[in-house]
Amino acid sequence: MSIQDRLNTLGITLPPVAVPAASYLPFTRTGNLVFLSGHIAKKDGQVWVGQLGKTMTTAEGQEAARAVAIDLMGTLQVAAGGLDKVVRIVKVMSLVNSTPDFTEHHLVTNGCSELIAQVFGEPGRHARSAFGVAQIPLGACVEIELIAEVA
């Protein structure tokens, strides 16, 4: 099954690349690596504001991370010249807006990692970091960046 077929089966339509909110590029490529800038969680086209452990549950955080994964794949599609040119997802780094006592950042980030693995199969399994932070731009609950190897 092709990557597009998997997206279709999951009912996912990839969004266009978002316009950066500050002075940076949405992605950059060097050699066979594409680095995607951090993408913040959005819900219904708006910043998904919240703090894990205070205003959001782990399950809601997973949904937010899954939404970020969809945005990341939209950017990756443009950056790579098509998702079929992705050789491997190398690394995902996740920042979770959370209270000091929240300890399930890794579970929140699974919302992104699991969807990427579903879409790309074995090449979608990646190295990963998940951190809790005091705040994310615009009050977003989750921000994730991604590195991919492309053909």
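Please refer to the structure placed before this passage.
These remarks concern the structure in this document. (Residues numbered from 1 in each chain as written. Predicted model: local features only at pLDDT ≥ 70, side-chain atom pairs only at ≥ 80, totals over all residues. Heavy atoms only, no water.)

Quick look at the overall build of the protein chain now. On a plain count of helices and strands, the protein chain comes out with 3 helices and 7 strands. N-terminal to C-terminal, the α/β element order of the protein chain is α-β-β-β-β-α-β-α-β-β. In terms of overall dimensions, the protein chain is globule-like: its C-alpha atoms have a radius of gyration of 15 Å, near the 15 Å expected for 151 residues. Across its three principal directions, the C-alpha atoms of the protein chain cover 40 × 35 × 30 Å. Taking all 151 residues of the protein chain together, the buried fraction comes to 44%. In the protein chain, of all internal contacts separated by at least 6 residues, the share reaching a separation of at least 24 is 80%. Put simply, the protein chain shows about 7,600 Å² of open surface, and 54% of that area lies on carbon and sulfur atoms. Here the protein chain contributes 11 positive and 13 negative side-chain charges, whose respective centroids are spaced 4 Å apart. (Helix = DSSP H or I, 4+ residues; strand = E, 2+ residues; numbered from the N terminus. Rg over C-alpha atoms; globule rule 2.2 N^0.38 Å. Buried < 20%, exposed > 50% of the residue type's maximum accessible area, 1.4 Å probe, protein only. Contact = heavy atoms within 4.5 Å. Areas by Shrake-Rupley, 256 points an atom, 1.4 Å probe, with all protein chains shown as cover. Lys, Arg positive; Asp, Glu negative; His and termini not counted. Charge placed at Lys NZ, Arg CZ, Asp CG, Glu CD.)

Across the interface, helix 1 (residues 3-10) lies against helix 3 (residues 105-120) with an axial gap of 8 Å and an inter-helix angle of 125°. Relative to helix 3, helix 1 is oriented oblique. Across the interface between the two elements, Ile-3, Arg-6, Leu-7 and Leu-10 of helix 1 pack against Leu-115, Gln-118, Val-119 and Phe-120 of helix 3. In the contact of helix 1 with helix 3, the residues fall into 6 nonpolar, 1 polar and 1 charged. (Axes fitted to C-alpha atoms, helices over the stretch in contact; angles between N-to-C directions. Parallel < 35°, antiparallel > 145°, perpendicular 65-115°, else oblique. Nonpolar A, V, L, I, M, F, W, Y, C, P; charged D, E, K, R; others polar.)

Using the criterion set out here, one finds 0 disulfides in the structure. Cys-112 carries a free sulfur, and the closest cysteine sulfur to it, the one in Cys-141, is 13 Å from it. On the basis of relative accessible area, Cys-112 is assigned to the buried category, the value being 0%. (Disulfide = S-S within 2.5 Å.)

So, on to the pairing of strand 5 (residues 86-97). Across 9 bridges, strand 5 lies against strand 7 (residues 142-150) in antiparallel orientation. Within the sheet, the bridge partner assigned to Lys-91 lies in strand 7 and is Ile-147. Where strand 5 lies against strand 6 (residues 127-133), 7 bridges are found, and the strand directions are parallel. Each residue of the ladder has a partner; that of Ser-94, found in strand 6, is Ala-130. Considered for its hand, the β-α-β crossover made up of strand 5, helix 3 and strand 6 is right-handed. (Pairing = 2+ DSSP bridges. Right-handed = clockwise from strand over helix to strand, strands pointing away.)

Okay, the nonpolar core next. Leu-76, Ile-89, Phe-120 and Leu-146 are the most contacted members of the largest nonpolar core, which totals 39 residues. Elements represented by at least two residues in this core include exactly helix 1, strand 2 (33-40), helix 2 (58-80), strand 5, helix 3 and strand 7. Looking at this core element by element, the count peaks at 11 residues for helix 2. With near-sequence residues (within four places) excluded, Leu-146 lies in contact with Val-34, Phe-35, Leu-36, Leu-72, Leu-76, Ile-89, Lys-91, Val-92 and Ile-116. (Core = buried A, V, L, I, M, F, W, Y, C linked by side-chain atoms within 4.5 Å.)

Right, let's get into the pattern of salt bridges. Per the counting criterion, the structure on display carries 1 salt bridge. In this structure, the salt-bridge partner of Glu-122 is Arg-125, at a minimum N-O distance of 3.7 Å. Here Glu-122 falls in the exposed class, since its relative accessible area comes to 54%. (Salt bridge = Lys/Arg side-chain N within 4 Å of Asp/Glu carboxyl O.)

Here we take up a nonpolar patch on the surface. Together, Leu-33, Phe-35 and Val-90 give the surface a local cluster of nonpolar side chains, amounting to about 190 Å² of exposed area. Here Leu-33 is to be found in strand 2. Leu-33 gets classed as partly exposed once you look at its relative accessible area, which sits at 32%. (Patch = residues over 30% accessible without salt bridge, like charges linked within 9 Å, V, L, I, M, F, W, Y side chains within 5 Å.)

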